[in-house]
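A closer look at the structure
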Amino acid sequence: MTEMPPLALLAGGLATRLRPLTQQMPKAMIEVAGEPFIAHQLRLLQRERVSRVVLCVGYLWEQIAEFVGDGGRFGVNVSYQVDGPELLGTGGALRAALPELGSEFLVMYGDSWLDTAYAPIVDAFRASGKPALMTVFRNDGKWDTSNVWFDEGRIRCYDKAERLPQMRHIDWGLGILRSEVPSARSPGVSFDLASVYAELAQSGNLAGYEVKTRFYEIGSPDGLRKTDALLRGRVAPTSL
């Protein structure tokens, strides 16, 4: 049985696209299918045998901590990495959380619903010999702009600005990194995880894993509506 690494859940953003809904609450606490979204995420992680979760938080994080606590009622062990007055970005938050994460860790965003088997992804990462892995989905520009050139188990290019004809996939939202990747950056400096992925792809050091189930998110009003419908069981995953 695959030993599952800890997971960093990036939940510190300001969620400006969801204002005024997030004017007085963090995105993780938005009600989805009758309860805060983070409750759904933590139960999904428990199902996939991820036992340790580090919540990288910032904006109104106290509300998350009050609701989640130590994670015991969700069957996971939760600790917190809190941004200071200056937000560190997704990459900087991971760099700060390294003491809690160990030598390798999963990472996903706090607004993503990523329902698949996680153990095969971890196995693929360990077999790749690469310092990082990105999960991808064959999007063909349907749900969002495709930004990944994926070929034979490797990410050849990942770029949110430059579009190549070979880009038929999209970053699905779940990644795995060895600690050496963020530790190469200076502590306390803000940087984006996407830029790290792009550099790794450019140097041939980013493995890829194709997921067959589409992603859902609550980072936009339309995404929130669709994810709420999905988790209420009103629609099948393939119909949105």
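To keep things clear, this report deals only with the structure shown in the data block. (Residues numbered from 1 in each chain as written. Predicted model: local features only at pLDDT ≥ 70, side-chain atom pairs only at ≥ 80, totals over all residues. Heavy atoms only, no water.)

**Comments concerning helix α7 (residues 221-231)**
Owing to its 3.6 residues per turn, the α-helix aligns residues three or four sequence positions apart on the same side. Along α7, the positions that sit buried rather than exposed are G223, L224, T227, D228, A229 and L230. Following α7 by one or two positions, G233 has its phi on the positive side, about 75°. (Buried < 20%, exposed > 50% of the residue type's maximum accessible area, 1.4 Å probe, protein only. Helix = DSSP H or I, 4+ residues; strand = E, 2+ residues; numbered from the N terminus.)

**Describing the packing of aromatic side chains**
Summed over the entire model, instances satisfying the criterion amount to 3 aromatic pairs. Seen from their ring centres, W61 and Y80 are 6.2 Å apart, and the 50° between their planes marks the pair as tilted. A residue pair is termed long-range when its members are at least 10 positions apart, and W61 in helix α2 (residues 61-68) and Y80 in strand β5 (residues 77-82) qualify at 19 residues. The exposure class of Y80 is partly exposed, given its relative accessible area of 23%. For the ring pair F67 and F74, a centre distance of 5.9 Å and an interplane angle of 50° mean the geometry is tilted. For F74, a relative accessible area of 6% translates into the label buried. In this arrangement the basic side chain of R73 is found over the ring face of F67, its NZ or CZ atom lying 4.5 Å from the centre. (Phe/Tyr/Trp six-rings, centres within 6.5 Å; stacked < 30°, edge-to-face > 60°. Lys NZ or Arg CZ within 6 Å of the ring centre and 35° of its normal.)

**Comments concerning the environment of L60**
Note on placement: L60 falls in the loop between β4 (52-57) and α2. Looking at L60, the relative accessible area reads 28%, which means it is partly exposed. Sequence separation between L60 and P221 is 161 residues; the distance between their C-alpha atoms is 20 Å. Setting aside anything within four residues of it in sequence, one finds L60 in contact with Q23, Q24, M25 and P26. (Contact = heavy atoms within 4.5 Å.)

**Here we look at the nonpolar core**
The biggest cluster of nonpolar side chains holds 47 residues, and the ones touching the most others in it are L7, L42, V53, L55, Y118 and L174. Take this core: its biggest share by element is 6 residues, from helix α1 (residues 37-47). Not counting the four nearest positions on each side in its chain, V53 is found in contact with L7, L9, L42, L45, V76, N77, V78 and S79. Counting residues in hydrophobic clusters, the runner-up holds 28 residues, among them C56, V107, V181 and A194. (Core = buried A, V, L, I, M, F, W, Y, C linked by side-chain atoms within 4.5 Å.)

**Concerning unusual backbone geometry**
Positive phi outside glycine occurs at R49, with the angle close to 65°. Checked against the element boundaries, R49 lands in the loop between α1 and β4. Positive phi values are uncommon outside glycine, yet L60 reaches one of about 50°.

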